[in-house]
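Survey of secondary and tertiary structure
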Amino acid sequence: MAGRLEGKLALITGGARGQGRSHAVRLAQEGADIITVDLCGQVDTIEYPMSTPEDLKETVRLVEALDRRIVATRADVREYAELAQAVDAGVADLGRLDIVCGNAGIVSLGMVHELSLEQWNDMIGVNLTGVFHTCKAAIPHIIAGGRGGSITLTSTAVALRPVQGAGHYIAAKHGVIGLMQTLALELAPHFIRVNTIHPTNCDTDMIQNPALRKAFVPDSENPTREESVPAYTALNALPIPWIEPRDISNAIAFLASDEARYITGISLPVDAGFQRV
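Just so it is clear, the structure is predicted and the values come from calculations on it, not from any experiment.

1. Remarks on the overall build of the protein
A count of helical and extended segments in the protein gives eight helices and seven strands. Taking 19 Å as the expected radius of gyration for a compact globule of 277 residues, we find that the protein reaches 18 Å, a close match to that expectation. Out of the 277 residues in the protein, the part that is buried amounts to 55%. Within the protein, counting contacts between residues at least 6 apart in sequence, those at least 24 apart form 72% of the total.

2. So, the packing of helix α4 (residues 117–145) against helix α5 (residues 167–187)
At their nearest, the axes of α4 and α5 sit 8 Å apart, and the two run at 15° to each other. As the angle between them shows, α4 and α5 are arranged roughly parallel. Along this stretch, α4 crosses α5, giving a crossing that reads as right-handed. Here Gln 119, Trp 120, Met 123, Ile 124, Asn 127, Leu 128, Val 131, Phe 132, Cys 135, Ile 139 and Ile 143 of α4 come into contact with α5, specifically with His 168, Tyr 169, Ala 171, Ala 172, Lys 173, Gly 175, Val 176, Leu 179, Leu 183 and Leu 187. In the contact of α4 with α5, the residues fall into 16 nonpolar, four polar and one charged.

3. Some details on the pattern of salt bridges
As enumerated under the stated definition, the model contains 14 salt bridges in all. With its nearest N and O atoms 3.4 Å apart, the salt bridge here joins Arg 4 to Glu 30. Pair noted here: Arg 4 is in the segment before β1 (9–13) and Glu 30 is in the loop between α1 (18–29) and β2 (33–38), with a separation of 26 residues, a long-range link. Judged by its relative accessible area of 30%, Arg 4 is partly exposed. Of the charged contacts in the structure, one is a salt bridge between Asp 98 and Arg 147, with a shortest N-O distance of 2.8 Å. With Asp 98 in the loop between α3 (80–94) and β4 (99–102) and Arg 147 in the loop between α4 and β5 (149–154), this residue pair connects regions lying 49 residues apart in the sequence.

4. Regarding α3
Every α-helix winds through 3.6 residues per turn, so residues three or four apart in the chain are directed the same way. Spanning 15 residues, α3 covers 21 Å between terminal C-alpha atoms, matching the ideal 21 Å at 1.5 Å per step. Listing the buried residues of α3 in full gives Leu 83, Ala 84, Ala 86, Val 87, Gly 90, Val 91 and Leu 94. The buried side chains of α3 occupy one side of the element, clustering within an arc of 160° when seen end-on. Counted as exposed and oriented over 90 degrees from the buried face of α3: Ala 81, Gln 85, Ala 92 and Asp 93. On its buried side, α3 packs onto β1, β2, β3 (70–74) and α4.

5. What to know about the pairing of β2
A large share of β2 lies buried, amounting to six of its six residues. Across the two faces of β2 the burial is the same, with Asp 33, Ile 35 and Val 37 and Ile 34, Thr 36 and Asp 38 all buried. Looking at chain direction, β1 and β2 are connected through five bridges and run parallel. Of the residues in β2, the one forming a bridge with Ile 12 is Thr 36. Since β1 and β2 lie parallel, the crossover through α1 that links them has a hand, and here it is right-handed. For β2 and β3, the ladder comprises five bridges, and the chain directions are parallel. The residue bridging Ile 35 from the neighbouring strand is Val 71, located in β3. A crossover links β2 with its parallel partner β3, the connecting element being helix α2 (residues 53–64), and its sense is right-handed.

6. Examining the domain arrangement of the protein
Partitioning the protein into structural domains gives domain 1 (9–203 + 244–265) and domain 2 (208–241). A straight line from the C-alpha centre of domain 1 to that of domain 2 covers 26 Å. Between domain 1 and domain 2, the contact holds seven residues from the first and eleven residues from the second. For the pair domain 1 and domain 2, the summed buried surface comes to about 670 Å²; carbon and sulfur atoms form 60% of the total. For the domain 1 face of the interface with domain 2, the top three residues by lost area are Leu 109, Asn 201 and Asp 203, together amounting to 59%. The tally of links from domain 1 across to domain 2 stands at three residue pairs in polar contact (both at pLDDT 80 or more). Looking at side-chain class alone, the side of domain 1 that touches domain 2 contains three nonpolar, two polar and two charged residues.

Cut-off values and rules
Residues numbered from 1 in each chain as written. Predicted model: local features only at pLDDT ≥ 70, side-chain atom pairs only at ≥ 80, totals over all residues. Heavy atoms only, no water. Helix = DSSP H or I, 4+ residues; strand = E, 2+ residues; numbered from the N terminus. Rg over C-alpha atoms; globule rule 2.2 N^0.38 Å. Buried < 20%, exposed > 50% of the residue type's maximum accessible area, 1.4 Å probe, protein only. Contact = heavy atoms within 4.5 Å. Axes fitted to C-alpha atoms, helices over the stretch in contact; angles between N-to-C directions. Parallel < 35°, antiparallel > 145°, perpendicular 65-115°, else oblique. Left-handed = near helix turned anticlockwise from the far one by under 90°. Nonpolar A, V, L, I, M, F, W, Y, C, P; charged D, E, K, R; others polar. Salt bridge = Lys/Arg side-chain N within 4 Å of Asp/Glu carboxyl O. Expected span 1.5 Å × (residues − 1). Arc of directions from axis to C-beta. Pairing = 2+ DSSP bridges. Right-handed = clockwise from strand over helix to strand, strands pointing away. Domains from an automatic or database assignment. Buried area = accessible area lost by both parts, 1.4 Å probe. Polar contact = N/O pair within 3.5 Å; in protein donor to acceptor, adjacent residues only side chain to side chain.

Shown next as structure tokens:
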């Protein structure tokens, strides 16, 4: 039986691992071919190890194992020319663009007045400017296809229910909401729908590292995954510490499908009731 996205082409940023890889696999399961980009390198102000070229190769392997086509390129979403070249080449190779997942993102912590200028600029550069670059590079291709499309931009639960110690991250993700709301209006005449998705903590390398765990378990010298479970669980109404990447991917697959053909301009929480306890 054909999948919900059969014959469509999806662009996913940050596709080497974590949520991005999950999105690539999930959309491929529904029949989409994939263009994906990832830095596959380190941002200086980020304390956890970021993705590698080997991670990106594994995403390619997983998508191809589903008998779908994929073009995967190393590109920095902060560099528009680099990103646009990757998107243009992928569309030229695979065909008309229908779906965009603006997923690439980073996280770091710090009180606003203690942030370095580099921390601020890296965060805004990846998490907000990178999303703008993604949309700018992709939208002309979707319009040219002439059959509408879906853009889903990854924000965060803390953009709707903020916390202390991540002001630069929250500011960037708030900006993503404003960008989405404007694009939803501007692109509606083309039947291109634009939404944001707002995960609670998700079980990926972005949270499963000593730097992030330390913020939740400050009394432990080197907090383990198990030690962090109670603190993470306390944030959610549902009694779980974190969601899985596939929970976000399932929501994106829905928003990209014809089942959501009249859903645009919304902020969709997939957050286990984050901070509603």
